[in-house]
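Report on the structure
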Amino acid sequence: MTTTAVRVDHVGKSFRLYRERNQTIKSAVMRRRTSVHEDFWALRDVSFDVPQGSTFGLIGSNGSGKSTLLKCLANIYYPNEGSIKHFGRIAAMLEVGSGFHTELSGRENIFLNGSILGMSKKEITRKYDEIVDFSGVEKFIDQPVKNYSSGMYVRLGFAIAINVDPDILIVDEVLAVGDSEFQEKCFQKFRDFKAVGKTVILVTHSMGTVKELCDGAAWLNQGVLMSVGASAPTIAEYERSIGHDSGS
Amino acid sequence: MNYLREVFASRELLGNLVSREVKGKYKRTVFGQLWSLANPLALMVIYTFVFGFIFRANPAPGDPSGLNVFALWLLCGLLPWTFFSTVLTLGSGSLVANAGLIQKVYFTRIVLPLSIVGSSAYNWAFEMAVLVIALSIAGGFVLPWIPVLLVVMVLLAAFAAGVALMLSIANVYFRDTEYFLTIVLQIWFYLTPIIYPITLVQKASADAGSLLGTPFTLSGIYQLNPMNHFVTVFRQLMYDNRWPDGVEMLVCLGWAAGSMAVGILVFRRNQRNLAETL
């Protein structure tokens, strides 16, 4: 029996839908309220385990709660119900290059961004060459990142994040950017991760990616977990529900 | 305690964010760090002209330093004030300004307002160093007081940090905070004896007697203003060149510790909800 990397236990997350929102002191004082709202459950009673060393895909249509779940996994949101336990160091890549300072050079940003993602200076220094190499921007590393093309920007951000060396890596739809060569490089990195027993959880709309990379998958629909299990049957079920092949 | 340990563990990130602010701020300017002096110098010229020359606010000469230069006397109070007001202004907006980062990456949120304190302190230390040199040239004997001066600077930074932490959270819920703050700071500035000596207040207070029949006096109310005490201590150290009044020091310490404690408490309570509320 494999051990669990992440245990999602009856997780529910609600947001407030505001019919009226006046975040001003005036309304707080004069009307003794700042808003009128109702609760909207973006996730309800979602439970599954992600085994260690697996690559796990989250699939579902837009607005199904995938990203909310991912943010809960990444400690950015806190679930209102249930709990999420992770066993090991977690790194989340929800957006690459967030926290880059555009006036600073690529080199300075590697150190800045690395420390935001939780790496120590020593670690970054050790992995510096690997990061630069992976990103493929070594020629421009001393240029301010505002001069980078969007592809270079993403590649550098991704290279930093992937070198955090987590036990569990959480990836949002970030691979859509970057050319196919770089995507292939990333997939290779995921396979390497898996080979050394690390867990990857990714959200994607590309069923091809899920089929190719993932062992397991969970299908969410409007905040409810529809099915979870091996990737092939889960994808098949999802595709049946939307009535056409969303393509690879 | 756990929370403090977590904050301590992110000191490297804090250092990096501070250097991001410091390096990014004057990048691509010709004068670089010298810009940090421009604002206080301009204020110095204006206030010296208006209050020193026209209104003739005449602060007592430094005792025992014997310094009698209005501009230097002014700067001893003005530089701490500009630091304080910068930390509050930038610190209160620090969470909203980094909303993108907060919504995408997990890290100890408190480093964002604290990095503002750090980068402002860096600029302030630079300004104070220049002031110390100017005071020395003018004949003051400041150098032996530098260790005590550093302690008081840390106290003021802690006081400012605590207030900034509370304001940064308040600003997430009420965006009015930022705008309200600029007005408050303006009033606060004139209510602090920076451009006029406290002796004038004491004189006015003695003339007015107790206010509206209450036991309060004007200078009694002035004692409630923490910045009043900080400015007094800075002047005693830098302009007078003597040991600061023990009571004043204790009051500063109390304000610093209190504001830091409340600030951290408030921040810790609210940091979980930041990503959603922003």
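Computed from a predicted structure; not experimentally measured. (Residues numbered from 1 in each chain as written. Chains lettered and ligands numbered in written order. Predicted model: local features only at pLDDT ≥ 70, side-chain atom pairs only at ≥ 80, totals over all residues.)

Moving on, we come to the overall build of chain B. Looking only at helices and strands, one finds 13 helices and 0 strands in chain B. Ordered by position from the N terminus, the helices and strands of chain B form the series α-α-α-α-α-α-α-α-α-α-α-α-α. Expressed along its principal axes, the backbone C-alpha trace of chain B runs to roughly 55 × 55 × 35 Å. Burial status across chain B gives 41% buried among its 278 residues. (Helix = DSSP H or I, 4+ residues; strand = E, 2+ residues; numbered from the N terminus. Buried ≥ 20, exposed ≤ 12 C-beta atoms within 10 Å, placed from the backbone.)

All right, on to the interface of chain A and chain B then. Facing 25 residues of chain A, the contacting portion of chain B comprises 21 residues. No other element matches the 4 residues that helix α3 (residues 106-116) of chain A contributes to the side of chain A that touches chain B. Taken together, the residues of the side of chain A that touches chain B sort by class into 13 nonpolar, 9 polar and 3 charged. (Contact = placed C-beta atoms within 7 Å. Nonpolar A, V, L, I, M, F, W, Y, C, P; charged D, E, K, R; others polar.)

This part takes up the pairing of strand β9 (residues 224-230) of chain A. Residue and element names in this part refer to chain A. Bridge count for strand β8 (residues 216-221) against β9 is 6 bridges, and the pairing is antiparallel. Residue Ala217 lies in a different strand from β9, and its bridge partner there is Gly229. Remark: 2 residues form the turn of the hairpin made by β8 and β9, two consecutive strands paired antiparallel; Gln222 in that turn has positive phi of roughly 50 degrees. (Pairing = 2+ DSSP bridges.)

Looking now at the sheet that holds strand β3 (residues 55-59) of chain A. Consider a sheet: its strands pair through backbone hydrogen bonds, and that pairing is either parallel or antiparallel. Residues and elements named next belong to chain A. Here we have 6 strands laid out as an open sheet, ordered β5-β6-β7-β3-β8-β9, and mixed in their pairing. Two strands close off the open sheet at either side, each with one partner strand: β5 (90-93) and β9. Neighbour-to-neighbour, the strand axes of this sheet turn through a mean angle of 15 degrees, independent of strand direction. Each of β3, β6 (168-171) and β7 (199-203) is contacted by helix α6 (residues 180-195), which is oriented at about 145 degrees to β7, the strand it contacts most. (Axes fitted to C-alpha atoms, helices over the stretch in contact; angles between N-to-C directions.)

A few words on the confidence of the model for chain B. Residues and elements named next belong to chain B. For chain B, the average pLDDT comes to 90, and 100% of its residues sit at 70 or higher. Taken element by element, the predicted model of chain B shows its lowest mean pLDDT in helix α13 (residues 274-277) (83) and its highest in helix α7 (residues 146-173) (96). Interface confidence for the predicted complex, given as ipTM, is 0.77, next to a pTM of 0.87. (pLDDT = per-residue confidence, 0-100.)

Let us now look at the environment of A:Met226. All names here are of chain A. With respect to the element layout, Met226 can be found in strand β9. Given 16 C-beta atoms within 10 Å, Met226 falls into the partly exposed group. Considered as a pair, Met226 and Gly60 are 166 residues apart in the sequence and their alpha carbons are 9.4 Å apart.

Attention now moves to the pairing of β7(A). All names here are of chain A. With 5 of 5 residues buried, β7 is to be regarded as a mostly interior element. Taken together, the 4 bridges between β3 and β7 define a ladder with parallel strand orientation. By the bridge assignment, Thr55 is partnered in β7 with Val200. As paired strands, β6 and β7 are joined by 4 bridges and run parallel to one another. Across the sheet, Val171 pairs through a bridge with Leu202, a residue of β7.

What follows covers the environment of A:Met119. Residues and elements named next belong to chain A. Position of Met119 relative to the elements: it lies in the loop between α3 and α4 (121-135). Met119 sits 42 residues away from Ala161 along the chain, and the two C-alpha atoms are 9.8 Å apart. Those residues in contact with Met119 that sit more than four places away from it in its chain are Gly114, Ile124 and Val164.

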